[in-house]
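# Analysis of the macromolecular model
For reference, the chains in residue letters:
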Amino acid sequence: MFGEEYDVIVVGGGHAGAEATAAAANMGSKTLLVTMNLQTIGQMSCNPAMGGIAKGQIVREIDALGGYSGIITDKSAIQFKMLNKSKGPAMWSPRAQSDRMRFAEEWRLALERTPNVDFYQEMVNGLLIEDDKVVGVRTSLGLEIKGKSVILTNGTFLNGLIHIGEKQFGGGRAGEKAATGITEQLTQLGFESGRMKTGTPPRVDGRSLDYSKMIVQPGDEKPEKFSYSDTPILKTQRECHMTHTSKLVHDLLREGFDRSPMFNGRIKSIGPRYCPSIEDKINRFSDKDSHQMFIEPEGWDTVEVYVNGFSTSLPEDVQFKALRSVKGFEKVKFFRPGYAIEYDYFPPTQLKHTLETKLIDNLYFAGQINGTTGYEEAASQGLMAAINAHLKINEKEPFILKRDEAYIGVLIDDLITKGTEEPYRMFTSRAEYRTLLRQDNADLRLTPKGYEIGLAKKHRMEKMEDKLSKSKSFVEFFKQTSVLPEEINPILNEIESSPIRQSDKMFKLFSRPKVTMDHMLTLEPVTKFVKENNLNNEVLEQTEVQVKYSGYIAKEKVNADKLQRLESVKIPPNFDYKKLNSLSFEAREKLTAIQPVTISQASRISGVTPSDISVLLVYLGR
Ligand code: FAD
């Protein structure tokens, strides 16, 4: 059945697997996607939303490199919001609610339309290994499929165990089987594995809710989109709603605590700290009588509704009773109860920057299997693993993004250098250079790189070049053009910014904190320039950021360049740290395990002190 050898075999069709399949195939690798259920490619296991703080930047980065997540999100979006708009542009983060069923369908269709992709539905339960090198996979029917490289993206499925109250049963997600065999083989090969957990709220019937008792949460008045390519912008949007838990709801939930797998010791593994279950929130913040809940439609046409903020693994009768006491939920009907799931992961310090494992050549791990949580984190790893798998089998240099180049670079460097003991999600605070890593400039940062490796296509590159040159000339226009007091003072007075007495350069006035592009667009010469040069919203946004934040951006670039110097001090492969007695014991152990590639990476390992770094620098003759 599978006589031929594939270049890349991707195991699992979740967010990491789908993105990996697309990237490998688009770069020219003959690619096979083996997944347990071809109906659930790109399935959103939890919240039907993409993006959000720091995650939105990641989706833009994936898109800029030539990945699909942004395009799929735009095609299936039902609501769009730019979060943090009141803060500086480094914090602006796009987020979209998606139609869950369309999201998965768009993924499946996009992969079907991609050349070089074959599909096969089955569980992979073993790897074919020869001389510490992966050469294919074995399926549960006993088929052996040959591949030059294999990317494992098993998500929450490896020995997945679902908990609802006192009941527990095997499963990778509600209604789906768990995957077995892989963890057992990998641990025999010497890999370390661990357990993590995550949870999800109940889904309910929207027709049973009383929205008049809730607060409407509309999308942005002027919605944007994720992809830099020509995807549609939403013309209409679906509303979300907000309601709150109460003391009564908390009391009802507490009644089930003795039957909660979280509190009776049945769940031992650690869950995502920043996505706590409702029982966790009540327990940890016992002084709070109320928590927010966001009621989010699951699509354009379906009546199913996602109850954001009410993730729980309490017994279903307790979930139901408590939810019926929430304002607007008095007559609620359940579609599915909430649940928690425990699953195996592999501490990511066992990987190289390329996401290839250190132990087995040409074997890559991407997504939740690496201890991360979230679709965006998973998708970006799938993309990077596939790029590197393709490059390696074509004997090309690896593709590694640095911490000052992309959130994806921060994510992978954090994972492989520091590891993670709890589900890792991205935050803006994890990035040292977040003024550089904005959602508005992901194309400027990454499309040239994606184009160079053959993933981003020519039209993306041309679009990026057009945006760059147009925004540069618009910034130049503001620098060169003056404005008279009688033209600008009405605007300045309105926003309580001190008026000017004589004509001044537009750039200087636009740099003032409260002056926005919308204000500048009320000036005749500005609108004339915009019309004549056919400037679109992206160019306007980019120009605004360049004018208002150029000082901060330049400062951060200098700092990033300083880091670059340590990044250039390479450590030889398989360096024997044990022989350097002046290193602390902990540093020797950690450096030996992680084998950092540069001094800069070594300095980020927890337990490696500045004095250890000095010892290494002296030894390396620097
Ligand atoms: P998944 O999306 O899990 O996909 C794995 C894919 O691999 C599936 O298609 C599966 O069929 C396939 N597969 C697995 N093993 C095999 C095998 N051996 N052979 C063939 N195919 C296989 N994220 C958040 O950010 N916040 C949350 O609150 C949150 N809550 C969650 C709650 C639940 C109950 C679950 C299940 C997930 C939750 N997530 C949450 C996590 C989010 O779903 C994942 O981070 C994301 O889906 C991971 O993507 P992935 O591609 O790594 O894996």
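Everything discussed here concerns the structure shown above.
In this report, the structure presented in the accompanying data block is examined. In this text, all values refer to a predicted model and were calculated from it rather than measured experimentally.

Of the regular secondary structure elements, the chain holds 20 helices and 22 strands. The C-alpha radius of gyration of the chain comes to 26 Å, within 12% of the 25 Å expected for a compact globule of 622 residues. Looking at the chain as a whole, 59% of its 622 residues are labelled buried. In the chain, 72% of the contacts between residues at least 6 apart in sequence involve partners at least 24 apart.

Turning our eyes to something else, we now look at helix H9 (residues 375-393). The terminal C-alpha atoms of H9 lie 27 Å apart, and with 19 residues this matches the ideal 27 Å at 1.5 Å per residue to within 8%. In terms of burial, H9 is largely enclosed, as 17 of its 19 residues are buried.

Time to look at the side chain of Thr-420. Position of Thr-420 relative to the elements: it lies in the loop between helix H10 (407-418) and helix H11 (442-452). Looking at Thr-420, its side chain comes within polar contact range of the main-chain oxygen of Glu-422, at 2.5 Å. If we skip the residues at most four places from it in the chain, Thr-420 touches Met-196, Tyr-345, Pro-348, Asn-370, Gly-371 and Leu-415.

Another aspect to go through is the pairing of strand S9 (residues 144-152). Here strand S1 (residues 6-11) pairs with S9 via 5 bridges, running parallel. Bridged to Val-10 within S9 is Ile-151. Adjacent in sequence and paired antiparallel, strand S8 (residues 133-139) and S9 are bridged by 4 residues, among which Gly-142 carries a positive phi angle near 95°. Bridge count between S9 and strand S20 (residues 363-365): 3 bridges; the pairing is parallel.

Judged by pairing direction, the sheet is antiparallel, and its 4 strands sit side by side in the order S11-S10-S19-S12 without closing on themselves. The two strands at the open ends of the sheet, each matched to only one other strand, are strand S11 (167-170) and strand S12 (194-200). Each neighbouring strand pair of the sheet contributes to a mean axis angle of 25°, computed without reference to strand direction. Pairing analysis gives 7 bridges linking S12 to strand S19 (residues 339-345), with the strands arranged antiparallel. Within S19, the residue paired with Lys-197 across the bridge is Glu-342.

Reading guide: rules and limits
Residues numbered from 1 in each chain as written. Predicted model: local features only at pLDDT ≥ 70, side-chain atom pairs only at ≥ 80, totals over all residues. Heavy atoms only, no water. Helix = DSSP H or I, 4+ residues; strand = E, 2+ residues; numbered from the N terminus. Rg over C-alpha atoms; globule rule 2.2 N^0.38 Å. Buried < 20%, exposed > 50% of the residue type's maximum accessible area, 1.4 Å probe, protein only. Contact = heavy atoms within 4.5 Å. Expected span 1.5 Å × (residues − 1). Polar contact = N/O pair within 3.5 Å; in protein donor to acceptor, adjacent residues only side chain to side chain. Pairing = 2+ DSSP bridges. Axes fitted to C-alpha atoms, helices over the stretch in contact; angles between N-to-C directions.

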